[in-house]
Protein chains: 2
Amino acid sequence: MTDQSPPKPQPDQPRLGEIGLTNYAPYLMNRIMGRYNASLRDEMAGLGLTTPKMRALAVLSVIDGPLIRELSVYSVVEQSTLSRALDQLAGDGLIRREADAVDSRATRVFITEAGRAHFETLWPRMAEAHERMFRGIPPEERRAFVGTLQKMLANIRKHEI
Amino acid sequence: MTDQSPPKPQPDQPRLGEIGLTNYAPYLMNRIMGRYNASLRDEMAGLGLTTPKMRALAVLSVIDGPLIRELSVYSVVEQSTLSRALDQLAGDGLIRREADAVDSRATRVFITEAGRAHFETLWPRMAEAHERMFRGIPPEERRAFVGTLQKMLANIRKHEI
DNA sequence: CGGGGATATTTGCAAACGCATTTAAATCTG
DNA sequence: CAGATTTAAATGCGTTTGCAAATATCCCCG
């Protein structure tokens, strides 16, 4: 027998029962990244970029020539999805696939000049979303936060990249 | 003219170029939540639960009788996706939809006893994934981290729920 | 050094997703 | 208070996704 009392619309204060959720890190992180990613996705949509394409481009602007499998991990995009995103990026001349020198099963991915230029035009939007997220949070607190994230990343990657 | 030097397989140390990424909070958060959600999704798959269904159930275990629109925000699931997830959960008798008393456009969602019981069996898995994520991070640091997340959540929700 | 298993990537296909639209009801406005 | 606008939820439909299988290559071991 659960509490079946009639639903009462409540003030837009945080609800009592939500207090649990808003102290739960995974919940907060999903909420935050959900909105961050959605807002970025909306901005990129007009530029013909999907989230997987944008992420691949972002990672490639920093890491030169990863294997597709590695890029999949770094960009947090499933391999088959990434494979198709790369098809499109290559079609647009933003990246280039190149057979690995020593393992001919493997493919390395490189960003082209056009791809890098394209990403430069995207970057300000991403930086803006980032800054919005951290507004009012002092540098010292930001550093500590990133430090904790790094520990968490180390925890979750079992013995992978 | 970018550096087109031949690709060299590198040791599985963090790559030089990655240092930028691993100091960038949104990147780290996407990496961490990507794996957290994937591992949870894999565990739930065997139990007939998708991510939207699991999230809805989790939120409903804490918040009683939200509007579907509110549940959509809390559970970070797109409204149309949530609508269909609720169809399934209702079909399985885990939740119940009920017309709002004062606004007959709106629907409130309640978890059933069966739904609550089902969620109780799920919860240990979620807690385990959570604990794995925070392994080795002391309580004080965890608290500070959650505090920062709460500020971030306040930043990104414009003037919504 | 040949065969069995592992690994890298792509592709087929069914399911899931999300945008846009629809339906229904509430609210605002003159 | 009628008509126009906004809001809540469901649904139609084309696109995207991701699992699993296919393909190709590598590596290990007897």
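Look up a bit, the structure's there.
Here is a short report on the structure shown in this document. Owing to the predicted nature of the structure, the values given are computational and were not obtained by experimental measurement.

Each value, and the rule that gives it
- Residues numbered from 1 in each chain as written.
- Chains lettered and ligands numbered in written order.
- Predicted model: local features only at pLDDT ≥ 70, side-chain atom pairs only at ≥ 80, totals over all residues.
- Heavy atoms only, no water.
- Helix = DSSP H or I, 4+ residues; strand = E, 2+ residues; numbered from the N terminus.
- Buried < 20%, exposed > 50% of the residue type's maximum accessible area, 1.4 Å probe, protein only.
- Polar contact = N/O pair within 3.5 Å; in protein donor to acceptor, adjacent residues only side chain to side chain.
- 1 Å grid on protein atoms, 1.4 Å probe; cavity = no way out; pocket = protein on both sides within 12 Å on 5 of 7 lines; lining within 4 Å.
- Points joined across faces, edges and corners; volume = space filled by probe spheres on them.
- Nonpolar A, V, L, I, M, F, W, Y, C, P; charged D, E, K, R; others polar.
- Least-squares fit on C-alpha atoms with pLDDT ≥ 70 in both.
- Contact = heavy atoms within 4.5 Å.
- Axes fitted to C-alpha atoms, helices over the stretch in contact; angles between N-to-C directions.
- Parallel < 35°, antiparallel > 145°, perpendicular 65-115°, else oblique.
- Near = heavy atom within 4 Å.
- Phe/Tyr/Trp six-rings, centres within 6.5 Å; stacked < 30°, edge-to-face > 60°.
- Pairing = 2+ DSSP bridges.
- Lys, Arg positive; Asp, Glu negative; His and termini not counted.
- Salt bridge = Lys/Arg side-chain N within 4 Å of Asp/Glu carboxyl O.

1. Concerning the environment of Arg 96 of chain A
All names here are of chain A. With respect to the helices, strands and loops of the structure, Arg 96 is situated in strand S1 (residues 95-99). Residue classification places Arg 96 among the partly exposed residues on the basis of a relative accessible area of 26%. Separated by 19 residues in the primary sequence, Arg 96 and Gly 115 place their C-alpha atoms 9.4 Å from one another. Reaching out from Arg 96, the side chain makes a polar contact with the side chain of Glu 98 at a distance of 2.4 Å.

2. Looking at the layout of surface pockets
Taken as a whole, the largest pocket spans an internal volume of roughly 1700 Å³. Lining the largest pocket are 50 residues, and of these Met 33, Gly 34, Asn 37 and Arg 55 of chain A together with Asn 30 of chain B sit closest to its centre. The dominant element in the lining of the largest pocket, judged by the number of residues it contributes, is helix H2 (residues 25-45) of chain A, at 11 residues. When the residues that make up the lining of the largest pocket are grouped by side-chain class, the tally is 19 nonpolar, 15 polar and 16 charged.

3. Section: the relation of the copies chain B and chain A
For the pair of chain copies, the relating operation is a rotation around an axis with a shift along it. Superposing chain B onto chain A takes a rotation of 180° plus a shift of 0.0 Å along the axis, which leaves an RMSD of 0.0 Å. Taken together, the rotation and translation relating the two chain copies correspond to the operation of a two-fold axis. Taking C-alpha positions as reference, the residue of chain B nearest the rotation axis is Phe 145 of chain B, located at 2.9 Å. A share of 100% of interface residues in chain B that are also interface residues in chain A marks the association as one of identical surfaces.

4. Here's the deal with the packing of helix H7 (residues 139-156) of chain A against helix H6 (residues 113-134) of chain B
Contact geometry of H7 of chain A with H6 of chain B gives a least axis separation of 7 Å together with a crossing angle of 120°. By the angle class used here, H7 of chain A and H6 of chain B are oblique. The residues of H6 of chain B that touch H7 of chain A, namely those facing Met 152, Asn 155 and Ile 156 of chain A, are Arg 132, Met 133 and Phe 134 of chain B. Of the residues belonging to the contact of H7 of chain A with H6 of chain B, the class tally is 4 nonpolar, 1 polar and 1 charged.

5. Looking at the protein's contact with DNA strand C
Taken together, 20 residues are adjacent to DNA strand C, and Arg 41, Arg 69 and Arg 97 of chain A together with Arg 84 and Ser 104 of chain B come closest. Atoms of DNA strand C within 4 Å of the protein belong to the sugar or the phosphate in 62% of instances, the rest to bases. In the environment of DNA strand C, a phosphate oxygen lies 3.2 Å from a nitrogen or oxygen atom belonging to the backbone of Ile 68 of chain A. Within the side chain of Arg 84 of chain B, an N or O atom sits 2.6 Å from a base oxygen of DNA strand C. Those elements that place two or more of their residues in the surface near DNA strand C are helix H4 (68-75) and helix H5 (79-91) of chain A together with helix H5 (79-91) of chain B. With 4 residues, H5 of chain A is the single largest residue contributor to the surface near DNA strand C. For the surface near DNA strand C, the per-class residue count stands at 4 nonpolar, 7 polar and 9 charged.

6. So, the protein's contact with DNA strand D
Arg 84, Ser 104 and Arg 105 of chain A together with Arg 69 and Arg 105 of chain B are the nearest of the 20 residues found near DNA strand D. Restricting attention to atoms of DNA strand D within 4 Å of the protein, one finds that 62% of them are sugar or phosphate atoms. A distance of 2.9 Å separates a phosphate oxygen of DNA strand D from a polar atom in the side chain of Thr 81 of chain A. Within the contact set of DNA strand D, a phosphate oxygen lies 2.8 Å away from a side-chain nitrogen or oxygen of Arg 97 of chain B. Elements that contribute at least two residues to the surface near DNA strand D include exactly H5 of chain A together with helix H4 (68-75) and H5 of chain B. Looking at the surface near DNA strand D element by element, the count peaks at 4 residues for H5 of chain B. Of the residues belonging to the surface near DNA strand D, the class tally is 4 nonpolar, 7 polar and 9 charged.

7. Let's talk about the packing of aromatic side chains
Summed over the entire model, instances satisfying the criterion amount to 7 aromatic pairs over all chains. An angle of 10° between the planes, with centres 4.8 Å apart, marks the rings of Phe 145 of chain A and Phe 145 of chain B as stacked. With one member in each of two chains, Phe 145 of chain A in helix H7 and Phe 145 of chain B in helix H7 (residues 139-156) form a pair that bridges those chains. For Phe 145 of chain A, a relative accessible area of 2% translates into the label buried. Here the aromatic rings of Phe 134 of chain B and Phe 145 of chain B are separated by 5.7 Å at their centres, their planes lie at 75°, and the arrangement is edge-to-face. Here Phe 134 of chain B, found in helix H6, pairs with Phe 145 of chain B, found in helix H7; they are 11 residues apart in sequence, far enough to count as distant. Note on Phe 134 of chain B: relative accessible area 2%, which makes it buried. An aromatic cluster is built from Phe 134 and Phe 145 of chain A together with Phe 134 and Phe 145 of chain B, whose rings are joined through pairwise contacts.

8. Comments concerning the pairing of strand S2 (residues 107-111) of chain B
Residue and element names in this part refer to chain B. With respect to burial, S2 is a largely interior element, 4 of its 5 residues being buried. In terms of strand pairing, strand S1 (residues 95-99) meets S2 through 5 bridges, oriented antiparallel. Residue pairing in the sheet places Ile 95 in a bridge with Ile 111 of S2.

9. Here's the deal with the side chain of Lys 53 of chain B
Residues and elements named next belong to chain B. Along the polypeptide, Lys 53 turns up in helix H3 (residues 51-60). For the buried Lys 53, no salt bridge exists, and the shortest N-O distance to an oppositely charged side chain is 4.0 Å, to Asp 92. At 3.0 Å, the side chain of Lys 53 forms a polar contact with the backbone oxygen of Gly 48. Apart from residues lying up to four places away in sequence, Lys 53 is in contact with Gly 48, Ala 85, Gln 88, Leu 89 and Asp 92.

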